[in-house]
Amino acid sequence: MEILLHEHEVLASTNEYALDLAKAGCPEGTLVLAHRQTGGHGRMRRVWSSPVGGLWFSLVLRPKIRPQVIAQVTLLAGVAVTQALREIYLTDDIYIKWPNDILIHNKKVCGILAEMSLDEFQKVEYVIMGIGINVNIDKNEIPKNIKHQVQSLKDEYGIRIDEKEVLVKVIEILSRLYMQWQEVGIEPVLKKWCDLNCTLGKHVKVKDNDQVIYEGQALSIDEAGALVIRRDDGTIQKFNFGEISIRE
Ligand code: BT5
């Protein structure tokens, strides 16, 4: 994939900027990077703290997929980021937590936000893959109420690696996985996701709007990226929304 970099000192949100470019017809591979975001956001418009020192970027993709499997984009991004960080920092301590978090010792070091647009025929027109990685952020810049659940790679590993170096590695792995996905389907990515996650096999609580709506053992993820959970009474249910807390 040819990468076309749009680099900015500051943007409200790289996802929003990339959405505008995609709407205007920019090619796949357009990459929007900001050194700082003033309106970075997560799912359901939750605030994403984006101080200087972090890697905040969004990639425009035009995959040939059904809208029902949009969550595959998040699986793909999760695998690419986790593999890249493990290679760069020479560690096995980085894991994917379903659906869109990358954790180090249970603290969030990266979040992923995939947003799509459908055309008039309900076909996927483009996907914005937004990725935020706390590479060298100063944790004093993170709001007090979430500080305890956030980590930066600089603090975890005691070394400062240039954000651009991390970006190059993530994009390199991501491009390879993306091509493979478009050629042979999600199977190889699913397999890698299963090797890199810290969710399957654990007892989890599914929350929707902070309400626990289901609880049980995480068994697997299906092709569309939904989490399959078995309750103690044997009932099995799939979730493709919400988030989970994991009992260690
Ligand atoms: C996410 O949402 O985890 C997706 C975050 C995606 C951010 C990227 S940065 C580039 C691109 N441009 C954007 O505007 N967004 C994308 P969610 O699962 O909803 O988690 C949001 C929650 O993570 C917040 O409510 C906080 O609790 C926590 N959080 C906020 N800032 C954080 C940070 N820097 N590091 C770790 N956790 C954070």
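Read on for an overview of the structure. (Residues numbered from 1 in each chain as written. Predicted model: local features only at pLDDT ≥ 70, side-chain atom pairs only at ≥ 80, totals over all residues. Heavy atoms only, no water.)

### Focus: the side chain of His-203
Logical step 1: Tracing the backbone shows His-203 in strand S8 (residues 203–208).
Logical step 2: With relative accessibility at 16%, the residue His-203 sits in the buried group.
Logical step 3: At a separation of 3.1 Å, a polar atom in the side chain of His-203 contacts the side chain of Glu-215.
Logical step 4: With near-sequence residues (within four places) excluded, His-203 lies in contact with Glu-215, Gly-216, Gln-217, Ser-245, Ile-246 and Arg-247. (Helix = DSSP H or I, 4+ residues; strand = E, 2+ residues; numbered from the N terminus. Buried < 20%, exposed > 50% of the residue type's maximum accessible area, 1.4 Å probe, protein only. Polar contact = N/O pair within 3.5 Å; in protein donor to acceptor, adjacent residues only side chain to side chain. Contact = heavy atoms within 4.5 Å.)

### Focus on the sheet that holds strand S4 (residues 94–97)
Logical step 1: The strand order across the open sheet built from seven strands is S1-S2-S3-S7-S6-S5-S4, with neighbouring strands paired in mixed fashion. Edge positions in the open sheet fall to strand S1 (4–11) and S4, since each of these has one partner strand only. Going from strand to strand, the sheet's axes swing by 20° on average, the running direction of each strand aside.
Logical step 2: Of the strand pairs in this sheet, strand S2 (residues 30–37) and strand S3 (residues 55–61) are connected by four bridges, and their pairing is antiparallel. Across the sheet, Val-32 pairs through a bridge with Ser-58, a residue of S3. (Pairing = 2+ DSSP bridges. Axes fitted to C-alpha atoms, helices over the stretch in contact; angles between N-to-C directions.)

### Focus: the side chain of Asn-197
Logical step 1: With respect to the element layout, Asn-197 can be found in the loop between helix H6 (187–196) and S8.
Logical step 2: By relative accessible area, Asn-197 is classed as buried at 11%.
Logical step 3: A polar side-chain atom of Asn-197 sits 2.6 Å from the main-chain amide nitrogen of Thr-199.
Logical step 4: In contact with Asn-197, other than residues within four places in its own chain, are Tyr-95 and Ile-96.

### Some remarks on the packing of helix H2 (residues 71–89) against helix H5 (residues 163–184)
Logical step 1: Between H2 and H5, whose axes approach to 8 Å, the crossing angle comes to 135°. Between H2 and H5, the angle is such that the two are oblique. Note on packing geometry: the crossing formed by H2 with H5 is right-handed.
Logical step 2: Tallied by class, residues from the contact of H2 with H5 come to 17 nonpolar, two polar and three charged. (Parallel < 35°, antiparallel > 145°, perpendicular 65-115°, else oblique. Left-handed = near helix turned anticlockwise from the far one by under 90°. Nonpolar A, V, L, I, M, F, W, Y, C, P; charged D, E, K, R; others polar.)

### Overview of the site of the ligand
Logical step 1: With respect to spatial proximity, 26 residues lie near the ligand, and among them Ser-13, His-41, Arg-43, Lys-108 and Asn-134 are the closest.
Logical step 2: Residue Arg-43 places a main-chain N or O atom 2.8 Å away from an oxygen atom belonging to the ligand.
Logical step 3: Look at the ligand: alone it shows 800 Å² of surface, and the protein chains cover 94% of it.
Logical step 4: Among the detected pockets, the ligand sits in the largest pocket. (Near = heavy atom within 4 Å. Areas by Shrake-Rupley, 256 points an atom, 1.4 Å probe, with all protein chains shown as cover. 1 Å grid on protein atoms, 1.4 Å probe; cavity = no way out; pocket = protein on both sides within 12 Å on 5 of 7 lines; lining within 4 Å. Sits in = over half its atoms within 2 Å of the grid points.)

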